[in-house]
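Fold and contact review
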Amino acid sequence: MSPASQEETNLLNLFQRVSGIGVVAAKKFVDKGYKSLEDLSNDPNLTHHQCVGLKYVDEFEKEIPRDEMENLLAIVKKTLNEIDSRYNMEACGSFRRGANISGDLDIILTHPDFTEVEEKVVKRHKATTPLLAQAVQALEKYGFLTDFVSTGNVKYMGVCQFPGTDPRSNQPYLHRRIDLRFIPHENYYTGLLAWTGDDELNRIMRSRAKELGYTLNEYGLRRRIKTETEETPGEKIPINSEEDVFKKLGMPYMEPHERNLRGVVKKKYLMYEE
DNA sequence: TTCAAA
DNA sequence: TTTGAA
Ligand SMILES: Nc1nc2c(ncn2[C@@H]2O[C@H](COP(=O)(O)OP(=O)(O)OP(=O)(O)O)[C@@H](O)[C@H]2O)c(=O)[nH]1
Ligand SMILES: [Mn+2]
Ligand SMILES: [Mn+2]
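The following paragraphs examine the structure supplied in this document. Keep in mind the model is a prediction, meaning the values are calculated, not measured.

Taking strand neighbours across the sheet as the criterion, the five strands line up as β2-β4-β9-β6-β5 in an open arrangement whose pairing is mixed. Every interior strand has two partners, whereas the edge strands, β2 (88-91) and β5 (145-151), have only one. Taking the axes of each pair of neighbouring strands and ignoring which way they run, one obtains an average angle of 25° across the sheet. Judged from the five bridges that link them, strand β4 (residues 105-110) and strand β9 (residues 175-182) form a sheet pairing that is parallel. Counted as the bridge partner of Ile108 is Arg181 from β9. Across the sheet, helix α6 (residues 66-83) is in contact with β2, β4, β6 (155-161) and β9; its angle to β4 comes to roughly 25°.

Shown next as structure tokens:
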């Protein structure tokens, strides 16, 4: 590879470390002649997401120890319970799969007043669910949420920080990425499954569902009606636990900590693939 | 519409 | 594949 293009790919990689900068933006910045993150910081046209990403590039690359994840989660639970005890929340992602370290904190939120029809209404009106807005507001007031990346009807992406000094470093706790996802309570278990992952298991379960004439996603498991010409989503299969989904797919239940399939040789699960 | 993230 | 910013 020529020295010039080597330098270029180095810069591309450097810029893409910033959350909010993907392949297209990175190229654009290289074309502008930027050579460093400092050049980047002087660009007046960065998006808000990119500004936040740049501000915390180093911190976001650090893994979050499990005990800190637990501390962060406890704050969210306590804060939301104080404003409305009917909020239910569960940390998903790698944390729920038992990881000792995580890249970010993924939380799914439900509330008895937030139903499937609610979600549709909210999307139609392009309004933010008051229930999500309220939750975010409470967390911001507390000072727990320090920056936002995006906030919408049902999804919030932002930055949080545990208060006080981290005994590990004798420094303030680092800023951490946090995702809040509001899902209709009818879809709680399929949502939980989808957001716990891992990606590999999701793929396996979805293709398995397909074979069996179902369609599986975060919104539920449904029968698919197959006419000669087209396939349309049919009735929803009642799901009252994660086990139910495995059962319907004829798979043995897997505890969250057993769902780390990414990169694993899947001898054990091979029979359920293909 | 395009881009980025998950 | 879906959500949100711009
Ligand atoms: N539908 C869909 N869901 C995704 C996709 N990528 C990630 N997710 C979901 O988001 C969940 C959390 O994603 P991440 O936070 O990126 O990954 P993680 O497994 O928690 O790992 P770390 O956060 O890096 O520790 C995953 O379990 C997925 O179910 C995608 O491309 N499509
Ligand atoms: Mn995660
Ligand atoms: Mn995440």
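Further remarks concern the coordination of the manganese ion (ligand 2). Ideal donor angles around a metal are set by the shape: a four-donor tetrahedron calls for 109.5 degrees, a six-donor octahedron for 90 or 180 degrees. Around the manganese ion (ligand 2), the protein contributes the donor atoms Asp104 (OD) and Asp106 (OD), at 2.1 Å from the metal centre. Between the manganese ion (ligand 2) and the manganese ion (ligand 3), a separation of 3.7 Å is found, and both are coordinated by Asp104.

This brings us to the packing of α6 against helix α9 (residues 130-141). Put simply, α6 and α9 touch, their axes get as near as 10 Å, and they point 120° apart. The angle between α6 and α9 places the two elements in the oblique class. Relative to α9, the crossing made by α6 is right-handed. In this structure, α6 uses Val76, Thr79, Leu80 and Ile83 to contact α9, whose residues at the interface are Gln134, Ala135, Ala138 and Leu139. Here the residues of the contact of α6 with α9 are counted per class, giving six nonpolar, two polar and no charged.

Attention now moves to the protein's contact with DNA strand B. Taken together, Val18, Ser19, Gly20, Ile21, Gly22, Val23, Val24, Ala25, His49, Arg177, Asp179 and Trp195 make up the full set of residues near DNA strand B. In the interface set of DNA strand B, defined as its atoms within 4 Å of the protein, sugar plus phosphate atoms amount to 100%. Here a phosphate oxygen of DNA strand B and a backbone polar atom of Gly22 are 2.9 Å apart. Those elements that provide at least two residues to the surface near DNA strand B are α2 (23-31) and β9. If one sorts the elements of the surface near DNA strand B by residue count, α2 sits on top with three residues. Of the residues belonging to the surface near DNA strand B, the class tally is six nonpolar, four polar and two charged.

Around the manganese ion (ligand 3), the protein contributes the donor atoms Asp104 (OD), Asp106 (OD) and Asp179 (OD), at 2.0 to 2.4 Å from the metal centre. Positions of the donor residues of the manganese ion (ligand 3) along the chain correspond to the pattern D-x1-D-x72-D.

Let us look at empty space enclosed by the protein. If a probe as big as a water molecule is rolled over the atoms, it shows which places are left empty. Enumeration according to the criterion identifies one cavity of 30 Å³ or more in this entry. By volume, the largest cavity amounts to about 50 Å³. The wall of the largest cavity is formed by Thr190, Leu193, Ala194, Asn202, Met205, Arg206, Leu216, Asn217 and Glu218. Secondary structure elements with two or more residues in the lining of the largest cavity: α10 (188-196), α11 (199-211) and β10 (214-217).

Let us now look at the site of ligand 1. In the vicinity of ligand 1 lie 14 residues, with Ser94, Gly103, Asp104, Asp106 and Ala194 positioned nearest. Within the backbone of Trp195, a nitrogen or oxygen atom sits 3.2 Å from an oxygen atom of ligand 1. Interatomic distance of 3.4 Å between a backbone N/O atom of Gly197 and an oxygen atom of ligand 1. With the chains in place, 59% of the 620 Å² that ligand 1 exposes on its own is no longer accessible. Those elements that place two or more of their residues in the shell around ligand 1 are α7 (93-96), α10 and α11. The element that contributes the greatest number of residues to the shell around ligand 1 is α10, accounting for three residues. When its residues are assigned to classes, the shell around ligand 1 shows two nonpolar, seven polar and five charged. Residues lining the shell around ligand 1 come from more than one domain, with at least three contributed by each of domain 2 (64-183) and domain 3 (197-258).

Rules behind the numbers
Residues numbered from 1 in each chain as written. Chains lettered and ligands numbered in written order. Predicted model: local features only at pLDDT ≥ 70, side-chain atom pairs only at ≥ 80, totals over all residues. Heavy atoms only, no water. Pairing = 2+ DSSP bridges. Helix = DSSP H or I, 4+ residues; strand = E, 2+ residues; numbered from the N terminus. Axes fitted to C-alpha atoms, helices over the stretch in contact; angles between N-to-C directions. Contact = heavy atoms within 4.5 Å. Donors = N, O, S within 2.8 Å, 3.2 Å for Na, K, Ca; no water. Parallel < 35°, antiparallel > 145°, perpendicular 65-115°, else oblique. Left-handed = near helix turned anticlockwise from the far one by under 90°. Nonpolar A, V, L, I, M, F, W, Y, C, P; charged D, E, K, R; others polar. Near = heavy atom within 4 Å. Polar contact = N/O pair within 3.5 Å; in protein donor to acceptor, adjacent residues only side chain to side chain. 1 Å grid on protein atoms, 1.4 Å probe; cavity = no way out; pocket = protein on both sides within 12 Å on 5 of 7 lines; lining within 4 Å. Points joined across faces, edges and corners; volume = space filled by probe spheres on them. Areas by Shrake-Rupley, 256 points an atom, 1.4 Å probe, with all protein chains shown as cover. Domains from an automatic or database assignment.

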